[in-house]
Amino acid sequence: MLVTLEGIDGTGKSTLLMALREKLADLEPVFTREPGATWVGESVRRAIAEQIDPITEATLFVADHAAHLATVVRPALRDNKLVISDRYSDSRFAYQSVTLEGVIPEPEGWLRAMHNGWSIVPDKTFLLAIPVDDALERLAEKSGREHFERREILEKVQDRYLAFARAEPGRFVVVDALMEKEELAGFVADAIRQMVAHGRKQKRK
Ligand code: TMP
């Protein structure tokens, strides 16, 4: 089963992941991430830091996804493991469709087409949603901000994410990231646990 966590920067995704590691330890999930589950992630980080060019950046993110699928996600799913990925394809569809605006004609369609035929759609995606002001406040405490972490960008990115959630209500669960940390982690952990239990029951039938 493949579960992904998505949301703009500053939603508290890292804190949630730390709590999930503890709460779901008995399920022995494979925790992974994009970018950076493989060495391709280093090229992505470099391209982001140098702001080299939006198409280079987008295609490197896709390359990172391909390497992630080949070396981490597919093998784990083949072994029937629970995979929890911190960011995944929806990050590309949300962020790069904004960074490629005005660069290519239909960024979202182009990005989705690049994934067609080989990528794996997650079984469930938890989208952490937050007022952009709160996200920026949380990010202000962090040093070394990336060029994505600007109000205009984050507002658009979050709008895209929310549109994806409306389009695919069966896959997305929108979570209020302003919820108290422990309550939020408890909610997500319980939802994942239920899905895993349900999945096992279906398999036995
Ligand atoms: P991180 O902060 O979760 O490590 O992600 C790094 C940044 O990269 C974050 O601002 C989101 C962005 N990102 C994209 O723009 N496209 C992608 O496909 C992914 C996976 C991340």
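Our structure's up above, just so we're on the same page.
What counts as what
Residues numbered from 1 in each chain as written. Predicted model: local features only at pLDDT ≥ 70, side-chain atom pairs only at ≥ 80, totals over all residues. Heavy atoms only, no water. Near = heavy atom within 4 Å. Polar contact = N/O pair within 3.5 Å; in protein donor to acceptor, adjacent residues only side chain to side chain. Areas by Shrake-Rupley, 256 points an atom, 1.4 Å probe, with all protein chains shown as cover. Nonpolar A, V, L, I, M, F, W, Y, C, P; charged D, E, K, R; others polar. Axes fitted to C-alpha atoms, helices over the stretch in contact; angles between N-to-C directions. Helix = DSSP H or I, 4+ residues; strand = E, 2+ residues; numbered from the N terminus. Parallel < 35°, antiparallel > 145°, perpendicular 65-115°, else oblique. Left-handed = near helix turned anticlockwise from the far one by under 90°. Contact = heavy atoms within 4.5 Å. Phe/Tyr/Trp six-rings, centres within 6.5 Å; stacked < 30°, edge-to-face > 60°. Lys NZ or Arg CZ within 6 Å of the ring centre and 35° of its normal. Core = buried A, V, L, I, M, F, W, Y, C linked by side-chain atoms within 4.5 Å. Buried < 20%, exposed > 50% of the residue type's maximum accessible area, 1.4 Å probe, protein only.

**Student:** Would you explain the site of the ligand in this entry?
**Tutor:** Neighbouring residues of the ligand: 14 residues in total, closest Asp 9, Arg 33, Arg 87, Arg 92 and Gln 96. Here Arg 87 contributes a side-chain N or O atom positioned 2.8 Å from an oxygen atom of the ligand. In isolation the ligand exposes 470 Å². Once the protein is present, 93% of that is buried. Taken together, the residues that form the shell around the ligand break down as four nonpolar, two polar and eight charged.

**Student:** Looking at this structure, how should I read the packing of helix H4 (residues 89–99) against helix H7 (residues 151–167)?
**Tutor:** Two packed helices can be described by the angle between their axes and the distance between those axes. Following both chains from N to C, one finds H4 and H7 inclined at 135°, their axes separated by 9 Å at the closest point. Taken as axis vectors, H4 and H7 run oblique relative to one another. The hand of the H4/H7 crossing is right-handed. Each of Asp 90, Ser 91, Phe 93, Ala 94, Tyr 95, Ser 97 and Val 98 in H4 lies in contact with H7, whose residues at this interface are Ile 153, Leu 154, Lys 156, Val 157, Arg 160, Tyr 161 and Phe 164.

**Student:** How do you make sense of the packing of aromatic side chains when you look at a structure like this?
**Tutor:** Ring pairs (aromatic) are described by centroid distance and by the angle formed between their planes. Tallied over the entire structure, the rule returns one aromatic pair. Against the face of Phe 164 rests Arg 112, its NZ or CZ located 4.8 Å from the ring centre.

**Student:** How do you make sense of the nonpolar core when you look at a structure like this?
**Tutor:** The tendency in soluble globular proteins is for nonpolar side chains to be buried as a group. Core analysis: the largest hydrophobic core is formed by 47 residues, its most contacted members being Ile 8, Leu 16, Leu 20, Ile 84, Val 157, Tyr 161 and Ile 192. When residues in this core are grouped by element, the largest group, seven residues, is from helix H8 (residues 181–204). Once residues lying within four places of it in the same chain are set aside, the contact partners of Ile 84 are Val 3, Leu 5, Leu 17, Leu 24, Pro 29, Val 30, Phe 31, Thr 32 and Ile 192. Counting residues in each nonpolar core, the second largest holds six residues, with Leu 2, Ala 76, Val 83 and Tyr 88 among its members.

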